[in-house]
Number of protein chains: 4
Amino acid sequence: MDPEKYQACIEACHACVTACENCAASCLEEDDVEMMVGCIELDRSCADICALAAREMARDSDFAVRVCAICAEVCEACGTECGRHKMDHCQHCAAACRRCAKLCLEMSQAHSSQPL
Amino acid sequence: MDPEKYQACIEACHACVTACENCAASCLEEDDVEMMVGCIELDRSCADICALAAREMARDSDFAVRVCAICAEVCEACGTECGRHKMDHCQHCAAACRRCAKLCLEMSQAHSSQPL
Amino acid sequence: MDPEKYQACIEACHACVTACENCAASCLEEDDVEMMVGCIELDRSCADICALAAREMARDSDFAVRVCAICAEVCEACGTECGRHKMDHCQHCAAACRRCAKLCLEMSQAHSSQPL
Amino acid sequence: MDPEKYQACIEACHACVTACENCAASCLEEDDVEMMVGCIELDRSCADICALAAREMARDSDFAVRVCAICAEVCEACGTECGRHKMDHCQHCAAACRRCAKLCLEMSQAHSSQPL
């Protein structure tokens, strides 16, 4: 097994987990929490699916491609929502989500012909 | 939010997590570990994706349907592999996987028309 | 490995994961989200640590006792906070947390003499 | 919330998750799997607790200190076991575990006076 096989995508997933957890926690401290509800909800799902994608890639699972495909969609949705808010934690999270969405999409397309 | 919405499927996922973790740990204690390698590998992915599916359903995430669709596939693969081995932990795990695969497939098909 | 060894505690942990995820998602839909912030924060940590405790027990890990000891504390804190709110999802979560705290504490005390 | 507060320790935890998953998967492909059983078992617990520690730090949870304290112990045990095997994946994992153990211990000691 080549440990470097998915290294960039794994690191993007882990950076996205951290950004999403930090964003959700920071959203909960905002004065207008109500406005951040959609952001918090997406942060939670995004952190969970990114964490799973990173591990499935690290173990070179047969299901890594499928998990990365859905991870790209969740990251896309989370990045769009976070991008609507001007706070640093949201903008930082939006950037991490977009990068992760891009790398997960590329990963899933590059390996989509491999047998499930 | 209706806490009972996905209750049966959530419980099937959690039972599958427990069965897979127990099966993997028991496989590692078998005399012929080599024969159990495929089982251990699938147990790990299956436990992780079932754990995620349960949480996405419990929080009624927009992505729960998608996660359950892939969860059904991983459970199907894991159940097939575990079903090949006669040990109690493998047979128990195979049954848990098949039940979880069935409920996750039904869940994903019943709600597939909802917007992602 | 005895698959029934920690069965009641594992099931209490999984029930607590589901209750915490449902509670956090429901808190985010309340009119006064601000009032629920502490509850949401604790729900997230409690769900994560309960999920880990269940898996460490299912695989009969040497670290299961230690994880259950901290799990009991997180559940105690989450149950206390949820118990302050009258909504059904909070009251249901408080009950799940208290039961899980009790079983995790008993588990960690019963096995505390085993070598770490 | 300061997003950089625990950055080095979070990154060490994520690097350890990846190394442990890669090591476990690679151990399962070794000719003498039997010899790697202890390594695989510790890799699984270590990956799970490191993943939790990273998230608890990223969300600045009140329980991050406690989770990092136990994470340091699991990493220490996993690093010692991996260090006994000469394969690249084990040596790489041992290094990641030792670094993570060091940073998690420092983190837990530096913040141990904060109220749980």
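Residues numbered from 1 in each chain as written. Chains lettered and ligands numbered in written order. Predicted model: local features only at pLDDT ≥ 70, side-chain atom pairs only at ≥ 80, totals over all residues. Heavy atoms only, no water.

Chain A carries the name Ferredoxin in an unreviewed UniProt entry, which gives Chthoniobacter flavus Ellin428 as its organism.

> Please provide a residue-by-residue account of the packing of helix 1 (residues 7-27) of chain D against helix 2 (residues 37-58) of chain D, values included.
All names here are of chain D. The N-to-C vectors of helix 1 and helix 2 enclose an angle of 155°; their axes lie 8 Å apart at closest approach. The angle between the axes of helix 1 and helix 2 places the two elements in the roughly antiparallel class. In the packing of helix 1 onto helix 2, the handedness of the crossing is left-handed. Facing Cys-9, Ile-10, Cys-13, His-14, Cys-16, Val-17, Cys-20, Glu-21, Cys-23, Ala-24 and Cys-27 of helix 1, the residues of helix 2 in contact are Cys-39, Ile-40, Asp-43, Cys-46, Ala-47, Cys-50, Ala-51, Ala-53, Ala-54, Met-57 and Ala-58. Of the residues assigned to the contact of helix 1 with helix 2, the class counts are 19 nonpolar, one polar and two charged. (Axes fitted to C-alpha atoms, helices over the stretch in contact; angles between N-to-C directions. Helix = DSSP H or I, 4+ residues; strand = E, 2+ residues; numbered from the N terminus. Parallel < 35°, antiparallel > 145°, perpendicular 65-115°, else oblique. Left-handed = near helix turned anticlockwise from the far one by under 90°. Contact = heavy atoms within 4.5 Å. Nonpolar A, V, L, I, M, F, W, Y, C, P; charged D, E, K, R; others polar.)

> Break down the relation of the copies chain B and chain C for me, with residues and values.
Once chain B has been moved 0.0 Å along the axis and rotated by 180°, it coincides with chain C to within an RMSD of 0.0 Å. Put plainly, the chains are arranged around a two-fold axis. Every residue of chain B has its C-alpha some distance from the rotation axis, and the shortest such distance is that of His-14 of chain B, at 3.3 Å. By residue overlap, the copies meet face to face through one surface: 95% of the interface positions of chain B are interface positions in chain C. (Least-squares fit on C-alpha atoms with pLDDT ≥ 70 in both.)

> Can you explain helix 1 of chain D? Please cite residues and give values.
In a regular helix each residue adds 1.5 Å, so 21 residues correspond to 30 Å; helix 1 of chain D covers 30 Å between its end C-alpha atoms and thus fits that length. In terms of residue burial, helix 1 of chain D counts as a mostly covered element, since 17 of its 21 residues are buried. (Expected span 1.5 Å × (residues − 1). Buried < 20%, exposed > 50% of the residue type's maximum accessible area, 1.4 Å probe, protein only.)

> Pulling in residues and values, what's your account of the relation of the copies chain D and chain A?
Once turned by 180° and shifted 0.0 Å along the axis, chain D lies on chain A with an RMSD of 0.0 Å. Looking at the interface residues of chain D, 100% of them are also at the interface in chain A, so both copies use one shared face.

> Break down the interface of chain D and chain A for me, with residues and values.
Facing 19 residues of chain D, the contacting portion of chain A comprises 19 residues. For the chain D and chain A pair, buried surface summed over both sides reaches about 1,700 Å², with 52% attributable to carbon and sulfur atoms. The largest per-residue losses of area from chain D upon contact with chain A belong to Met-1, Glu-21 and Arg-55 of chain D, which jointly make up 35% of the total buried on that side. Taken together, the links from chain D to chain A amount to six salt bridges. For the salt bridge of Arg-59 of chain D with Glu-21 of chain A, the shortest nitrogen-to-oxygen distance reads 2.9 Å. Our count for the contact surface shared by chain D and chain A stands at six residue pairs in polar contact (both at pLDDT 80 or more). With nine residues, the top contributor of residues to the side of chain D that touches chain A is helix 1 of chain D. Classifying every residue of the side of chain D that touches chain A by side-chain character gives eight nonpolar, five polar and six charged. (Buried area = accessible area lost by both parts, 1.4 Å probe. Salt bridge = Lys/Arg side-chain N within 4 Å of Asp/Glu carboxyl O. Polar contact = N/O pair within 3.5 Å; in protein donor to acceptor, adjacent residues only side chain to side chain.)

> Please give an account of the interface of chain B and chain C that cites residues and values.
At the interface, 19 residues of chain B touch 18 residues of chain C. Summed over both sides, the interface between chain B and chain C buries roughly 1,600 Å², with carbon and sulfur atoms accounting for 53% of that surface. On the chain B side of the interface with chain C, the three residues burying the most area are Met-1, Glu-21 and Arg-55 of chain B, jointly 35% of the side's total. The interface formed by chain B and chain C includes six salt bridges.

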